[in-house]
Amino acid sequence: MAVKDRDRFSTATRIRIIGEQTAARVYRSQTKRQARRSRLTGRAALLAMVLCSLVVALAYPIRQYVAQRAEIADLQQEQRETRQRVEDLRDLKARWQDDAYAEQQIRLRLHYVMPGETGFVVVDPEAAEQTRAEAGAADRPWYRNVWDGVDKADAAARRQ
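Quick look at the structure, then. (Residues numbered from 1 in each chain as written. Predicted model: local features only at pLDDT ≥ 70, side-chain atom pairs only at ≥ 80, totals over all residues. Heavy atoms only, no water.)

Section: the packing of aromatic side chains
At step 1: Evaluated as defined, the whole model comprises two aromatic pairs.
At step 2: Plain terms: the ring middles of W96 and Y101 are 5.3 Å apart, the flat faces sit at 85° to each other, and that makes the pair edge-to-face.
At step 3: Among the residues examined, W96 registers a relative accessible area of 35% and is labelled partly exposed.
At step 4: Geometrically, the ring pair formed by W142 and Y143 is edge-to-face, given 5.9 Å between the ring centres and 80° between the ring planes. Neither W142 nor Y143 differs from the other in exposure class; each is exposed. (Phe/Tyr/Trp six-rings, centres within 6.5 Å; stacked < 30°, edge-to-face > 60°. Buried < 20%, exposed > 50% of the residue type's maximum accessible area, 1.4 Å probe, protein only.)

Shown next, in the form of structure tokens:
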């Protein structure tokens, strides 16, 4: 037994055992890597190719779908606004059918008075100053002056 113990603890024997263990570890890791590579490479490539094909095939239709949904939402909003505008115009038309409203607007916009009434026009001093500042109206053709007067009257009516 002494020879076996001596052999067992000798440096050469230890180095041989360590070398065999290291070689076994290296062989196992290489076979595992090769097994993994050979098993996953084909499948991974096929899966990647299928996924890329799906992305390419579906990218344009999905983009079109999203764009159409946005356009539909915009058109629905425009439709709601148009319906509201139509309702407002119907209300305005109904108001103009009433003689009292029409008379009120005629008095307000055209400064008409009923027979026997006295009409007064109050002039805003600031507006009068602006009118004097625009005294260059004499240099323009008469129809421009008339049209400017219509525009000013319309703007004043809108403010009220």
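Observations concerning helix α3 (residues 99-110)
At step 1: Taking 1.5 Å per residue, 12 residues should reach 16 Å; α3 reaches 16 Å between its end C-alpha atoms and fits that length.
At step 2: Every buried residue belonging to α3 is among Y101, A102 and Q105, and all of these are buried. Along α3, the residues classed as buried sweep out an arc of 95° about the axis, all on the same side. The exposed set on the far side of α3, more than 90 degrees from its buried face, consists of D99 and A100. (Helix = DSSP H or I, 4+ residues; strand = E, 2+ residues; numbered from the N terminus. Expected span 1.5 Å × (residues − 1). Arc of directions from axis to C-beta.)

Overview of unusual backbone geometry
Peptide bonds are mostly trans, and most non-glycine residues show a negative phi.
At step 1: Phi at H111 is positive, roughly 60°, even though this residue is not glycine.
At step 2: Mapped onto the fold, H111 is located in the loop between α3 and α4 (125-133).
At step 3: Assessed through its relative accessible area of 56%, H111 is described here as exposed.

Observations regarding a negative patch on the surface
At step 1: On the surface, a cluster of negative charge is made up of E71, D74, E78 and E81.
At step 2: Mapped onto the elements of the fold, E71 is located in helix α2 (residues 11-97). (Patch = residues over 30% accessible without salt bridge, like charges linked within 9 Å, V, L, I, M, F, W, Y side chains within 5 Å. Areas by Shrake-Rupley, 256 points an atom, 1.4 Å probe, with all protein chains shown as cover. Salt bridge = Lys/Arg side-chain N within 4 Å of Asp/Glu carboxyl O. Lys, Arg positive; Asp, Glu negative; His and termini not counted. Charge placed at Lys NZ, Arg CZ, Asp CG, Glu CD.)

Observations concerning the pattern of salt bridges
At step 1: Per the stated rule, a full pass over the model turns up four salt bridges.
At step 2: Its salt-bridge partner being R90, residue E87 comes within 3.3 Å of it at the nearest N-O pair. You can see E87 and its partner R90 sitting in helix α2, three residues apart, about one turn around the helix.
At step 3: We classify E87 as partly exposed; its relative accessible area is 39%.
At step 4: Note on R90: relative accessible area 53%, which makes it exposed.
At step 5: Residue R107 is joined to E117 by a salt bridge in which the shortest nitrogen-to-oxygen separation is 3.0 Å. Of this pair, R107 sits in helix α3 while E117 sits in the loop between α3 and α4, and the two are 10 residues apart along the sequence.
At step 6: Under the relative-accessibility criterion, E117 is labelled partly exposed at 39%.
At step 7: When salt bridges that share partners are traced, they join E103, R107 and E117 into one network.

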